[in-house]
Structure formats: structure tokens, C-alpha cells
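Spelled out from the first residue to the last, the chains are:
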Amino acid sequence: MEINNKSTENLLIRKKFKSTLTNFLTSQLHCDVTFVFKDENGKFSKIGAHKVILAAASEVFETMFFGETVKSNAVKQENELEIKEISFDAFKALLEFIYDKEVEFHDSNALVEFYAAAHKYICSDAMIFAESKMMKEVDSHNVISFYQTAILYELPDLKKKCLDVFTKEMGNILKSADFLFVTPDFVNTIFRLERNKSISEVDLVYALERYIRVNEKTDINIMEKLQASINAINFRDLSSQEIKRTFLLTPEAKKTFMDGMETEISFEVMIRALDDFDLKHICAKCALNDPFGHSFPQRCRHSSAEWRHVHQRMFIKYKNRDLPEFSFEDVKCLYDLYKKEGLIS
């Protein structure tokens, strides 16, 4: 019973201390340092704090207020400091965290700015808090800014979480306004990710063209920087009209893909010609060079090493899959081989 009373008493003490600490910031009572901010409109804002409390939360503040240079009077200690690289709101949120006040963020950008402030002043607890919050709240609307934060401050867990969101929400991300203002390297990262089936190659083409149109006026080398993204698109899945329309391909590349489309007709022809030989059931013994194999017995025993090698490779690669599931290159290889042997006219 005495232990429970002691625990309750300690809890009440902690709550009272927290309330008192928070009240010091809210009331601006006994402040011994003031931080000054000037916004883009020239308006000044100020907030006071207590050096010893800040020093307990941040080694940067500790050095700033109680370091050796201060003790030796080598640097004159100012009680009013102007902060230029961090917004008033972000700095105030950092102070609220340090003073154990509940911190609220009006949007994801405020959270990113909070992390930047915490990082600048090496406030470890605040950084852990902000990263954890970003991990929980990341979605298609804020993933771009969170990912950029993860890259800038080397946060591997947050980066992985963002990449997972990119994969799942790529369609929404590519259509967002934020996508238009990311770096080319960022675009290349997205386009190299594994995509879900809801994203078509046409979607990728349209998104990349949209990005280029917005950025080409300020970066004449934008197409060159996005070559990795262009290479990640499977243009074979586009219609001939879509290939003609896009500006992502050179005239030579367009001709190559258009010629490839024409060969798709011959792909069906090759399939029909090879179907007569029942390639799906090539015997394993024959394909693996067993002299007792019984598929194509006469041809296998008297044909070239090339014949046996090609069939062996196809069996190992495809086993009992249907011929239409073979790649175009492998079907062409078989077709040319059978034609060379005089089996197809």
C-alpha cells in the first residue's frame, strides 16, 4: 500500500513539474535569453527562453551559453539572438517540445521544418519524435517532402517507408503538383521502382512529359538528366499512335519501336509454325543430352550441337510452359534454328 502511495506521489510531482516547466515558456517568466525572427515581410517576432533548460536539451545550446569561449569571455554573450535560418513557428515548436508542451503541426511541412530545427540544434529527443511522427503519417500527400528529408538527413528507416508508399501510391504521386518541382534524380528514383499493375506505361509517359514541360525552361539539359527514367519505360506497351506522339523518343528510337511492332505479327506466325513440333513436351532426357532420350529421336541424334544446345537451354529456362510464354528473342531463335534445319519452309 505504501509503494502504491509513493508511486502516485511521484506521478503527481512529475505532472506538477511538467506543468510548471510548460508554464515558464507560456508565461515567458524569468527568461534570460530572447530569440528574434524577421519574416519575409520585415515583421519581427520574439520568444524568450531559459538558457539552462535549453542547454539540458541540446549540446548546441549548451556550448552557445556555457561553452569554454563563453566562460573565458572570448565571446561576448548576448541575451538577444537573431535566428535567420529557421522560421519562428518551427523554432517555437522546438521550444515547446523542450519545455514538455504538446506540439501540434498544422501540416506536414511544419513537421519537416521542426525536424530541421531539431537537427540544427542537435536536439536528439526532438529528432526521434519528429522521425517517428513522419513514419506514422507518411502518405501520398506528404511522401515527397518526407523522402527529401530522409535523403538530406540520412534517415534509412524513413527512406524505406517512403519508397514503400511510392510503390503503392505512384499513380497519385505522379499526378500531384509537388511532383513537378522535385529534382531529376528524385524522378529517376521513382521511375526505377517496381510498379503495381494500376500504373500503365502511358501513365509514366504522360507524367514525365508533364514534368519536362514545367522544367525545361529553367533547365535545358532536363531530358539528358531524365534518361534513366525514359529507359525505365517499356515503350513496347504503347500503341503506334502513342509512340508517334511522344517527344521522349528520338526519331531513330521511334522507328526502332515501330519496326518492332511490325515484327509482333511475325511473332504469331512463328508460334503457329513451331506449334507443329510440340515444343512444350520436349523430353528432359533429350534436352539434357541423355542418349536414351526419346523426343525427336532421329533429329537429336543426327543434328548439330547447336540444335541440342538450344533445346537444352529452352527446357531449363521454360520447362513445360506454353510457347507463347517464351520471349520474342527465344521464339525467334527456335524459329531460325528449325528453318536452318529445313523443318520450316
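Now for a look at the structure at hand. (Residues numbered from 1 in each chain as written. Predicted model: local features only at pLDDT ≥ 70, side-chain atom pairs only at ≥ 80, totals over all residues. Heavy atoms only, no water.)

**Details of the layout of surface pockets**
If you add up the space inside the largest pocket, you get close to 240 Å³. Lining the largest pocket are 13 residues, with Asp89, Ala90, His106, Ala110 and Glu113 positioned closest to its centre. Among the elements of the structure, helix H5 (88–98) and helix H6 (108–120) are those that each provide at least two residues to the lining of the largest pocket. It is H5 that contributes the most residues to the lining of the largest pocket, five residues altogether. When the residues that make up the lining of the largest pocket are grouped by side-chain class, the tally is four nonpolar, three polar and six charged. Considering only enclosed or pocket space, the second largest pocket measures out at about 190 Å³ in volume. Lining the second largest pocket are 14 residues; nearest its centre among them are His141, Ile144, Ser145, Ser176 and Asp178. (1 Å grid on protein atoms, 1.4 Å probe; cavity = no way out; pocket = protein on both sides within 12 Å on 5 of 7 lines; lining within 4 Å. Points joined across faces, edges and corners; volume = space filled by probe spheres on them. Helix = DSSP H or I, 4+ residues; strand = E, 2+ residues; numbered from the N terminus. Nonpolar A, V, L, I, M, F, W, Y, C, P; charged D, E, K, R; others polar.)

**Looking at the packing of aromatic side chains**
This structure, assessed with the given rule, holds 20 aromatic pairs. Seen in terms of ring centroids, Phe35 and Phe91 are 4.6 Å apart; in terms of plane orientation they differ by 55°. Their pairing is tilted. With Phe35 in strand E1 (residues 33–38) and Phe91 in helix H5, this residue pair connects regions lying 56 residues apart in the sequence. For the pair formed by Phe35 and Phe91, the shared burial category is buried. Measuring from centroid to centroid gives 4.5 Å for Phe61 and Tyr121, while their planes differ by 10°, and the two rings are stacked. Of the two residues, Phe61 is situated in helix H3 (residues 59–66) and Tyr121 in the loop between H6 and helix H7 (124–137); the sequence distance between them amounts to 60 residues. The same class applies to Phe61 as to Tyr121, namely buried. The structure contains a cluster of three or more aromatic residues connected by ring pairs, namely Phe35, Phe37, Phe61, Phe65, Phe66, Phe88, Phe91 and Tyr121. For the cation-ring pair, Lys120 lies above Tyr121, with the distance from its terminal atom to the ring centre recorded as 5.9 Å. (Phe/Tyr/Trp six-rings, centres within 6.5 Å; stacked < 30°, edge-to-face > 60°. Buried < 20%, exposed > 50% of the residue type's maximum accessible area, 1.4 Å probe, protein only. Lys NZ or Arg CZ within 6 Å of the ring centre and 35° of its normal.)

**Remarks on the packing of H6 against helix H8 (residues 143–152)**
Relative to each other, H6 and H8 sit at 10°, their axes nearing to 10 Å. Considering their axes alone, H6 and H8 lie roughly parallel with respect to each other. For the pair formed by H6 and H8, the contact residues are Ser108, Asn109, Leu111, Val112 and Tyr115 on the first element and Ser145, Phe146 and Thr149 on the second. For the contact of H6 with H8, the class distribution of residues is four nonpolar, four polar and no charged. (Axes fitted to C-alpha atoms, helices over the stretch in contact; angles between N-to-C directions. Parallel < 35°, antiparallel > 145°, perpendicular 65-115°, else oblique. Contact = heavy atoms within 4.5 Å.)

**Concerning the pattern of salt bridges**
A full pass over the atoms with the stated rule returns 10 salt bridges. Where Lys120 meets Glu85, a salt bridge forms, and the shortest distance between an N and an O atom there is 3.3 Å. Of the two residues, Lys120 is situated in helix H6 and Glu85 in the loop between strand E3 (80–82) and H5; the sequence distance between them amounts to 35 residues. Ionic pairing is found between Asp330 and Lys317, a salt bridge with its closest N-O pair at 2.7 Å. Note that Asp330 is positioned in helix H20 (residues 328–340) and Lys317 in helix H19 (residues 305–318), a separation of 13 residues in sequence. A relative accessible area of 46% means that Lys317 is categorised as partly exposed. (Salt bridge = Lys/Arg side-chain N within 4 Å of Asp/Glu carboxyl O.)

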